[in-house]
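Reading the structure
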Amino acid sequence: MTEDITRIDNADSRVVYEGAWTPMTGDDVVTAWNKTLSVTRGMGNSASISFTGNKIAVYGTLSNVLSHKSKFNVDSLPPTTVTFTASPDTNLSTTGRALFYQSPSLPYGKHALTMTSTQDMNWMVLDYFEVTTDAQSTVNSTSPIVTGATTRSSRPGAPVGLVGATLAGLLVVLLLAGAVTFIIRRRRRIAKESTLPQHAQSIPVFLPRVSTGFSDTSSMYSK
């Protein structure tokens, strides 16, 4: 499997230091990558970095005079403690570019590593980190994910504009038919009402009072 390795120097701005760390100079940095080293001797001092990949390794300079003990945490995995014993028999005072820690394989993505000194008067010298990424992991992460497909009928359908025009024309015809029907019914009603007989009005008759010239006959015969 093809792997891509990215090296990150100890002086990179992505490295976050906690506690007292000092840049090293002189002959100590001759064999260091980019000619830079960071050293700490206090217990609890740490260096952290966030990275994107599948695993990470930490390299530094080992002292052949002083021991080295540190703890490494990756994400929420159990910590790993590493101890290096001084080797005074060697002719060299230090050993450069030594592997301090190698993480297990991780799912491709963003991760965080913290390196912590766990011993007082510890001589812990950081040189660089190496982030390894599986080439196949990056291909899979950039491939589009198809969650579903939309199926459309292959049969030709009527254009949307034509359907809309047809519906509008049908609506106009219905409105005109309704208006004509209303007018016809109205005219028939008016014609029917005009043929009905009008009710005759009663005319009062005033009869004149006619005098007969006779008085009350009953009174005449009674005399």
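Residues numbered from 1 in each chain as written. Predicted model: local features only at pLDDT ≥ 70, side-chain atom pairs only at ≥ 80, totals over all residues. Heavy atoms only, no water.

**Considerations on unusual backbone geometry**
The phi torsion at D75 lies on the positive side, around 50°, for a residue other than glycine. With respect to the element layout, D75 can be found in the loop between β7 (68-74) and β8 (80-84). Take D75: its relative accessible area is 40%, and that puts it in the partly exposed class. At R97, a position not held by glycine, the phi torsion is positive, near 55°. (Helix = DSSP H or I, 4+ residues; strand = E, 2+ residues; numbered from the N terminus. Buried < 20%, exposed > 50% of the residue type's maximum accessible area, 1.4 Å probe, protein only.)

**Considerations on the environment of A98**
Mapping A98 onto the fold places it in strand β9 (residues 94-102). The buried category is assigned to A98, whose relative accessible area is 10%. Expressed as a C-alpha distance, the spacing of A98 and L126, which sit 28 residues apart in the sequence, is 9.7 Å. Filtering out sequence-adjacent residues up to four positions away, A98 remains in contact with V58, Y59, G60 and L62. (Contact = heavy atoms within 4.5 Å.)

**Notes on the sheet that holds β7**
By way of backbone hydrogen bonds, the strands of a sheet pair with one another, either parallel or antiparallel. Read across the sheet, 5 strands follow the order β2-β5-β10-β7-β8 without closing on themselves; strand pairing throughout is antiparallel. Only two strands of the sheet have a single partner each, and these edge strands are β2 (16-18) and β8. Sheet twist, expressed as the average angle between the axes of neighbouring strands with direction ignored, equals 20°. Across 8 bridges, strand β5 (residues 46-53) lies against strand β10 (residues 109-117) in antiparallel orientation. The residue of β10 that forms the bridge with S50 is A112. (Pairing = 2+ DSSP bridges. Axes fitted to C-alpha atoms, helices over the stretch in contact; angles between N-to-C directions.)

**Structural notes on the pattern of salt bridges**
The full count for this structure, using the stated rule, is 3 salt bridges. Across the pair K55 and E3 runs a salt bridge, and its minimum N-O distance is 3.8 Å. With a gap of 52 residues between them, K55 in strand β6 (residues 55-63) and E3 in strand β1 (residues 3-9) connect regions that are remote in the sequence. (Salt bridge = Lys/Arg side-chain N within 4 Å of Asp/Glu carboxyl O.)

**Here we look at the packing of aromatic side chains**
If you walk through the whole model with that rule in mind, you get 5 aromatic pairs. The interplanar angle of 55° and the centroid separation of 5.0 Å between the aromatic rings of Y17 and W21 together place this pair among those described as tilted. Each residue in the set W33, Y59 and Y128 is aromatic and connected to the rest through ring pairs, giving one cluster. Taking the ring centre of W33 as reference, the NZ or CZ of R7 above it sits at 5.2 Å. Sitting over the ring of Y128, R7 keeps its end group 4.3 Å from the ring centre. (Phe/Tyr/Trp six-rings, centres within 6.5 Å; stacked < 30°, edge-to-face > 60°. Lys NZ or Arg CZ within 6 Å of the ring centre and 35° of its normal.)

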